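Listed here are the chains, written in short residue letters.
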Amino acid sequence: MAVSVRIPTILRTYTGGESEVSAEGDTLAAVLDDLDASYSGIKGRILDEAGKLRRFVNVYVGNDDVRFLDELDTPTPDGVQISVIPAVAGG
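I will try to describe carefully the structure that is included in this document. (Residues numbered from 1 in each chain as written. Predicted model: local features only at pLDDT ≥ 70, side-chain atom pairs only at ≥ 80, totals over all residues. Heavy atoms only, no water.)

1. Topic: the nonpolar core
Move 1: V5, I46, V59 and I82 are the most contacted members of the largest nonpolar core, which has 22 residues in total.
Move 2: It is helix α1 (residues 28-38) that contributes the most residues to this core, four residues altogether.
Move 3: In contact with I46, other than residues within four places in its own chain, are L11, L32, K52, L53, R54, V57, V59 and V84. (Core = buried A, V, L, I, M, F, W, Y, C linked by side-chain atoms within 4.5 Å. Buried < 20%, exposed > 50% of the residue type's maximum accessible area, 1.4 Å probe, protein only. Helix = DSSP H or I, 4+ residues; strand = E, 2+ residues; numbered from the N terminus. Contact = heavy atoms within 4.5 Å.)

What follows is the structure in structure tokens.
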């Protein structure tokens, strides 16, 4: 299943400057594996050493934060947009 993945500016060095790329997979984990196969190293910037989402990276499937769904097991239906968004701190 093809999905589109929106890439934040800080990770575009992995995608040759592309802000949106295509990937395949029926879950977020599968999409990240496919993304890393095409853009080596990007998955390591989204997941920590334990294979969990990094604390300061938010991932949305459609309009939903995967932390409130099934995290890496969140289904990624054909055509859905996935957004990777680094958290912003400030005050």
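2. Some points on the sheet that holds strand β4 (residues 64-65)
Move 1: Strand order in the open sheet made by the five strands is β2-β1-β5-β3-β4, with mixed pairing throughout. Single-partner strands in this sheet number two, and they are β2 (20-24) and β4.
Move 2: The pairing of strand β3 (residues 57-61) with β4 spans two bridges and is classified as antiparallel. Of the residues in β4, the one forming a bridge with Y60 is D65.
Move 3: Along the sheet, α1 makes contact with β1 (2-6), β2, β3 and β5 (81-86), crossing β2 at roughly 115°. (Pairing = 2+ DSSP bridges. Axes fitted to C-alpha atoms, helices over the stretch in contact; angles between N-to-C directions.)

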